[in-house]
Amino acid sequence: MSLVNYIDAAQHYFDDLVTKATDDELFAGGYLRGHFDLAVGYAQVEKLTISTDELNETVEQSLVKAYHNGELNEDDKTLVARLWEEVKALA
């Protein structure tokens with residue numbers, strides 16, 4: 001799958017959460033979407049040519065940094081990690 005198609009699929013995934021997710025999943029999805037969109041936006045602003053794997057690595061680095069900064073409790077981390085695995089599977 002191309003990077004553009006992966007980004008579109010991920011955005012669709014996040015949009016779909018609004019209609020089917022629990023409140024906790026909505027929180028985790030919004031949190032994850034923020035990290036995902038930030039990585040995509042940075043690549044666009046810097047005019048970087050990146051692969052899907054490189055985008056995923058950037059998101060994961062961002063999440064790890066956030067976890068180390070104590071941004072989420074353990075339950076939220078677990079939920080974000082589960083949703084992240086679902087997003088990565090879209091590729």
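Our structure is the block above this text.
So, here is what we can say about the structure in this document.

Cut-offs and rules
Residues numbered from 1 in each chain as written. Predicted model: local features only at pLDDT ≥ 70, side-chain atom pairs only at ≥ 80, totals over all residues. Heavy atoms only, no water. Helix = DSSP H or I, 4+ residues; strand = E, 2+ residues; numbered from the N terminus. Rg over C-alpha atoms; globule rule 2.2 N^0.38 Å. Buried < 20%, exposed > 50% of the residue type's maximum accessible area, 1.4 Å probe, protein only. Contact = heavy atoms within 4.5 Å. Areas by Shrake-Rupley, 256 points an atom, 1.4 Å probe, with all protein chains shown as cover. Lys, Arg positive; Asp, Glu negative; His and termini not counted. Charge placed at Lys NZ, Arg CZ, Asp CG, Glu CD. Axes fitted to C-alpha atoms, helices over the stretch in contact; angles between N-to-C directions. Parallel < 35°, antiparallel > 145°, perpendicular 65-115°, else oblique. Nonpolar A, V, L, I, M, F, W, Y, C, P; charged D, E, K, R; others polar. Expected span 1.5 Å × (residues − 1). Arc of directions from axis to C-beta. Salt bridge = Lys/Arg side-chain N within 4 Å of Asp/Glu carboxyl O.

**Topic: the overall build of the protein**
Working step 1: The helix and strand inventory of the protein stands at four helices and zero strands.
Working step 2: For the protein, the succession of helices and strands along the chain, N to C, is α-α-α-α.
Working step 3: For 91 residues, the compact-globule estimate of 2.2 N^0.38 gives 12 Å, and the protein sits close to it at 13 Å.
Working step 4: Overall, the C-alpha framework of the protein stretches about 35 × 30 × 20 Å when taken along its three principal axes.
Working step 5: The buried share of the protein, reckoned over its 91 residues, is 35%.
Working step 6: For the protein, restricting intrachain contacts to residue pairs at least 6 apart in sequence, the fraction spanning at least 24 positions comes to 73%.
Working step 7: As displayed, the protein offers around 5,600 Å² of accessible surface, 53% of which is attributable to carbon and sulfur atoms.
Working step 8: For the protein, the distance from the average position of its 7 positive side-chain charges to the average position of its 18 negative side-chain charges is 3 Å.

**A few points about the packing of helix 3 (residues 52-68) against helix 4 (residues 74-88)**
Working step 1: One way to put it is that helix 3 packs onto helix 4 with a least axis distance of 12 Å and a crossing angle of 180 degrees. With respect to helix 4, the element helix 3 is oriented roughly antiparallel. Each of N56, V59, E60, L63 and Y67 in helix 3 lies in contact with helix 4, whose residues at this interface are K77, V80, A81, W84 and K88.
Working step 2: Across the contact of helix 3 with helix 4, the residue classes break down as six nonpolar, one polar and three charged.

**Things to note about helix 4**
Working step 1: The end-to-end C-alpha distance of helix 4, which contains 15 residues, comes to 21 Å, matching closely the 21 Å that a straight helix rising 1.5 Å per residue would cover.
Working step 2: All buried positions along helix 4 are accounted for by D76, K77, L79, V80, L83, W84 and V87. Projected down its long axis, helix 4 shows its buried positions confined to an angular sector of 165 degrees, all on one face. Across helix 4 from its buried face, at more than 90 degrees, point the exposed residues E74, D75 and T78.
Working step 3: Among the structural elements, helix 1 (3-20), helix 2 (23-45) and helix 3 are those in contact with the buried residues of helix 4.

**Here's the deal with the pattern of salt bridges**
Working step 1: Per the stated rule, a full pass over the model turns up seven salt bridges.
Working step 2: The closest approach of N and O atoms between D15 and R33, which form a salt bridge, is 2.8 Å. Of the two residues, D15 sits in helix 1 while R33 sits in helix 2, which places them 18 residues apart along the sequence.
Working step 3: Judged by relative accessible area, D15 falls into the partly exposed class, the value being 40%.
Working step 4: By relative accessible area, which is 22% here, R33 ends up partly exposed.
Working step 5: When the shortest N-O distance is used, the salt bridge between R82 and E86 registers 2.9 Å. In this pair, R82 and E86 are both assigned in helix 4, four residues apart and thus about one turn of the helix distant.
Working step 6: When salt bridges with common partners are traced through the structure, they connect D15, R33 and D37 into a single cluster.

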